[in-house]
There are 2 protein chains.
Amino acid sequence: MGKPRRAPTAEDVARLAGVSRTTVSLVLNGVVGVRIPEETRRRVREAAARLGYRPHAAARHLVRGRAEVIALVLRQTPDQVFADAFLPEVLRGLSRVLRKAGFHLLIFPLSPDHPPEETVALLQERRVDGLILSGPRFEDREWLARWSQETPVVLLGRLSDTPIPSVDVDNVQAAAEAVRHLIRLGHRRIGLITNAPLSYTASYERWLGYRQALEEAGLLYEEAWVAFGAFTPASGAAAMEQLLRLPDPPTAVFAASDVVAFGALQTIRRHGLRVPQDIAIVGFDDVPLSAYVDPPLTTVHLPAEELGLHAGHLLLRWIEEGRPPTQEIRLATGLIIRQSCGAGGGA
Amino acid sequence: MGKPRRAPTAEDVARLAGVSRTTVSLVLNGVVGVRIPEETRRRVREAAARLGYRPHAAARHLVRGRAEVIALVLRQTPDQVFADAFLPEVLRGLSRVLRKAGFHLLIFPLSPDHPPEETVALLQERRVDGLILSGPRFEDREWLARWSQETPVVLLGRLSDTPIPSVDVDNVQAAAEAVRHLIRLGHRRIGLITNAPLSYTASYERWLGYRQALEEAGLLYEEAWVAFGAFTPASGAAAMEQLLRLPDPPTAVFAASDVVAFGALQTIRRHGLRVPQDIAIVGFDDVPLSAYVDPPLTTVHLPAEELGLHAGHLLLRWIEEGRPPTQEIRLATGLIIRQSCGAGGGA
DNA sequence: CTGAAAGCGCTAACAA
DNA sequence: TTGTTAGCGCTTTCAG
C-alpha cells in the first residue's frame, strides 16, 4: 500500500535480473549486433514485466534528443471549428501513421487571441520533433519560415510561395469540376457562394476554379453572382438571400462548402423555391451530414482522413531524412452526385 | 548558417549574463523569497531574450517529476467519431483551462483495434500527469481502476459504480424533458430511436428518461416503439423505417441523437410524410447543423465546450490537490425548440 | 545573495 | 558479453 510511490527504473530491473543497466537497455531496446545470451535476455524481460517497468520518455528524450512527439497546431477560429466537421477524421489518419512510428501527438489550438509567438515559445520548450499546421494563414508565414529552418513542418492546407511541404486537395480543379457539372446540366447563370473571405487560400482557389470553369464554357463571369459566405450556415443563408434578390438570379449555385450550402438551402426553402427544380446547388467538402439534408447534397468529396495520413507521412519523412521532402501533395477529390442538382444520384 | 545546431541552454544564458546557472533558474522561474538585485535580474532576462532561450521541458519534467502534460484518450469508434461533431468544441474548452495552468494536451485515440493495455503502456512511458477519458466503455473499468490509483483521471461521460470523477450531462433528465415536450403537445404514441446500443451509458440513460417521462404521464411503455440506432444517420433511417412499418406507428419520436434524427427525417420524407404535421421529432445533442435541416430540429442542447472545460478543471484540481475531488459534475442541458415538433420556434 | 554539486532516468561510448 | 562512466538540461539543497 505504501510502496509504489516511485515508478520502477531501469536500475530496478537490472538489480532484479542481476545484470547491469546497460544490459537492460540493450535488451529492452532490442539493439542489434549485440550478442547477449537468450537466457540473460529472458531474465531481463521477465524482471521488466514483473516490475511493470516502462522507460521514462522524458529521460529518453533528454539523452536521445528526440521527443517522439509532434505537434498539431490548429489554426481554426471558432467559426471554422464549427465548419470543420472532419477534424476527428484528420486526427484519425494522422495518429495512425504516427503511432506506427512511435510518435505522439500534442495538440495546440492557436486561436487568434493568442499571439503566434506565445505558441511558438511553448512549442519550443516542448522540443517537439515536428509540427503540422492545419489551416495556415497569411500571418503565419513569418514565424513558419523561421521555424522551418530548425524543425520540420508540414502544412495541412496551403500557403502560397513557401517552400514548406504541404498536403491539400486541388481546390481549383475540384471547384471547376463542380461547376462544370452544373454547366453540363445546362445551367448558364451560375452563382458562387464562397466558403470564406478570399484571403483564405482555399476560398480563393475555389473561386478561381469557378471562374475557370465558366471561362472554359464561354460563360461570362458576373461580379454580382458571387456572394461571400464566412464559414457558417448563417453566412450562407445571407449570401443566398443576396443572390435571390438579384433581378435575374442564378439558376444554379456552387457553394464552396457544405456548411455554407446548408444555409443556402434554408434560404431557398424559405423563399418557397425548390431544389433542384428551381435552383440547383452543389456543395464542397462532403461532410457526413450532406447526404442527409433535403435534398441530399451533390458535393465534392474531401478525403479528410487521407489528408491527415499524408501530412503525417510527409512530416515523418522529413524527420527521418533530416531534410524537407519539398513536396506538395495534392489529393484527389471526387464529385459525389446526389440530388441537389437534378442529375443521377437516384432517389 | 552553421551555428544554431544546438538550442541555447541555461548554461549559455548564465555565461552571457555573467552569473551562475542557479541564478538563471531562480530569476527565470520567478522564485519568491530570494533577494536578487533588480540589476542582475535584468541582465539574466536580457541574456535569455537575446539567446532566445527556452527551458527544455523534458529536462524540467525529469527533475521536477511533472510532465505538465495531460492525455485525452478518445474512446470513440469510427462510427462515433462521425457522430461526434463536437470534439473540436470539447477540445477548445479543455485546452483553454489547460493552457492557463501551463499544461499541454496529448491525444490518444483508443480505437477498438488497439488493446487498452498497449495504450496504457504508452501513457505510462509518457508519465502524463493526468488523463481524461472521453466516452468510457464498460471494458475500460478494469484498467481505469488500476490507473486511477496512480494517476488522476476524469471521465468525460459516465461509467456506473466507479469512484472516478466525471463530467457529463444528466441524460435521464434531459431525455425526459424532450419527451415531456412531446407529451405536452398532445402526443400519446411516442417512439424512441436510441442513439446507440443500450450498453452505452448515455443511450441507456436516455432510454431511462424516455420511460420516466412516459410513466409520469401515465402512458404505456411499448417495446415495439423503441428502435435501435447506432451512431449513424443510416442507422436512424433504418430505425425509423421499422417504426413506420408498425400497424399503428407513433405520432412522435424522440431520437436520442441528432445524427440519428437526421436519418429518421430522411426516412419520413421518403415515405411522403411531413414533419411535424404527420410526425413530430425531437433530437438530442444540438449539433451545429441541426438548425439547418428541414425542418429545423427541436433538440436538447449539449454544452460541449463546457464539458471540456469542466473536465479540465476537475483533473487539474486532482493534480494540484493530490487527491480525487470525488465529484460528479452534471451540466445542464436545455431544450431548443425549433420546428420539428410544431410548437413555437417561429418560422 | 550567489555558486558548487548532486541527481532526475536513460543511453551510448568505452573498457574490461 | 557485460559493466563503468559520462553526460542530456534542468532544479534544488547546501555552502560560501
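Residues numbered from 1 in each chain as written. Chains lettered and ligands numbered in written order. Predicted model: local features only at pLDDT ≥ 70, side-chain atom pairs only at ≥ 80, totals over all residues. Heavy atoms only, no water.

A. The nonpolar core, seen in detail. Formed by 152 residues in total, the largest nonpolar core has its most connected members in Phe254 of chain A together with Phe254 of chain B. Leave out the neighbours within four places in its chain, and Phe254 of chain B touches Ala175, Ala178, Val179, Leu182, Gly191, Leu192, Ile193, Arg206, Tyr210, Val282, Gly283 and Phe284 of chain B. Formed by 39 residues, the second largest nonpolar core is a distinct cluster that contains Leu159 of chain A together with Leu110, Trp143 and Leu144 of chain B. (Core = buried A, V, L, I, M, F, W, Y, C linked by side-chain atoms within 4.5 Å. Buried < 20%, exposed > 50% of the residue type's maximum accessible area, 1.4 Å probe, protein only. Contact = heavy atoms within 4.5 Å.)

B. Fine view of the protein's contact with DNA strand C. What surrounds DNA strand C is a group of 26 residues, the closest being Ala10, Arg21 and Tyr53 of chain A together with Ser20 and Arg35 of chain B. The sugar-phosphate portion of DNA strand C accounts for 68% of its atoms within 4 Å of the protein, the bases making up the rest. Backbone polar atom of Ala59 of chain A to a base nitrogen of DNA strand C: 3.4 Å apart, as the coordinates give it. Top element by residues in the surface near DNA strand C is helix H4 (residues 57-64) of chain A. It accounts for four residues. Grouping the constituent residues of the surface near DNA strand C by class yields 11 nonpolar, nine polar and six charged. (Near = heavy atom within 4 Å. Polar contact = N/O pair within 3.5 Å; in protein donor to acceptor, adjacent residues only side chain to side chain. Helix = DSSP H or I, 4+ residues; strand = E, 2+ residues; numbered from the N terminus. Nonpolar A, V, L, I, M, F, W, Y, C, P; charged D, E, K, R; others polar.)

C. Looking closely at the relation of the copies chain B and chain A. Aligned on chain A, chain B shows an RMSD of 0.1 Å; the corresponding rotation is 180° and the shift along the axis is 0.0 Å. Read as a symmetry element, the transformation amounts to a two-fold axis. The overlap is high: 100% of the interface residues of chain B also sit at the interface in chain A, so the same surface is used on both sides. (Least-squares fit on C-alpha atoms with pLDDT ≥ 70 in both.)

D. Representation of the domain arrangement of chain A. Taken domain by domain, chain A comprises domain 1 (10-64), domain 2 (69-169 + 304-332) and domain 3 (171-302). Relative placement of domain 1 of chain A and domain 2 of chain A: their C-alpha centres are 35 Å apart. (Domains from an automatic or database assignment.)

E. Representation of the sheet that holds strand E9 (residues 280-282) of chain B. Residues and elements named next belong to chain B. Judged by pairing direction, the sheet is parallel, and its four strands sit side by side in the order E7-E6-E8-E9 without closing on themselves. Edge positions in the sheet fall to strand E7 (226-227) and E9, since each has one partner strand and no second. Relative to E9, strand E8 (residues 252-255) runs parallel, the two being bridged by three bridges. Bridging across to E9, Val253 finds its partner in Ile281. Strands strand E6 (190-193), E8 and E9 of the sheet are contacted by helix H9 (residues 171-184), whose axis makes an angle of about 165° with E8. Most of the contacts of helix H11 (residues 233-244) go to E6, to which it runs at about 150°, and overall it touches E6, E7 and E8. (Pairing = 2+ DSSP bridges. Axes fitted to C-alpha atoms, helices over the stretch in contact; angles between N-to-C directions.)

F. Structural detail: the pattern of salt bridges. Scanning all chains against the criterion turns up 47 salt bridges over all chains. For Arg43 of chain B, the salt bridge identified is with Glu39 of chain B, shortest N-O distance 3.8 Å. Here Arg43 of chain B and its partner Glu39 of chain B are both found in helix H3 (residues 38-51), four residues apart, which amounts to about one turn of the helix. For Arg43 of chain B, a relative accessible area of 32% translates into the label partly exposed. Residue Glu39 of chain B is classed as partly exposed on the basis of its relative accessible area of 40%. Of the charged contacts in the structure, one is a salt bridge between Glu321 of chain B and Arg317 of chain B, with a shortest N-O distance of 3.4 Å. Of this pair, Glu321 of chain B and Arg317 of chain B both sit in helix H13 (residues 304-321), four residues apart, roughly one helical turn. For Arg317 of chain B, a relative accessible area of 33% translates into the label partly exposed. Connected via shared salt-bridge partners are Glu39, Arg42, Arg43 and Glu46 of chain A. (Salt bridge = Lys/Arg side-chain N within 4 Å of Asp/Glu carboxyl O.)

G. Up close: the interface of chain B and chain A. Facing the 57 residues of chain B at the interface are 57 residues of chain A. Both faces combined, the contact of chain B with chain A buries some 5,400 Å², and carbon together with sulfur accounts for 60% of it. Counting the surface chain B buries against chain A, the share from its top three residues, Arg99, Arg126 and Tyr292 of chain B, is 15%. Across the salt bridge formed by Asp294 of chain B and Arg269 of chain A, the nearest N and O atoms sit 3.5 Å from each other. Taken together, the links from chain B to chain A amount to 23 residue pairs in polar contact (both at pLDDT 80 or more). Contributions of two or more residues to the side of chain B that touches chain A are made by helix H4 (57-64), strand E1 (69-74), helix H5 (78-83), helix H6 (87-100), strand E2 (104-109), helix H7 (116-126), H11 and helix H12 (258-270) of chain B. Here the residues of the side of chain B that touches chain A sort into 34 nonpolar, nine polar and 14 charged. Where strand E2 (residues 104-109) of chain A and E2 of chain B come together, three bridges link them in antiparallel fashion. Bridge pairing in E2 of chain B places Ile107 of chain A opposite Leu105 of chain B. (Buried area = accessible area lost by both parts, 1.4 Å probe.)

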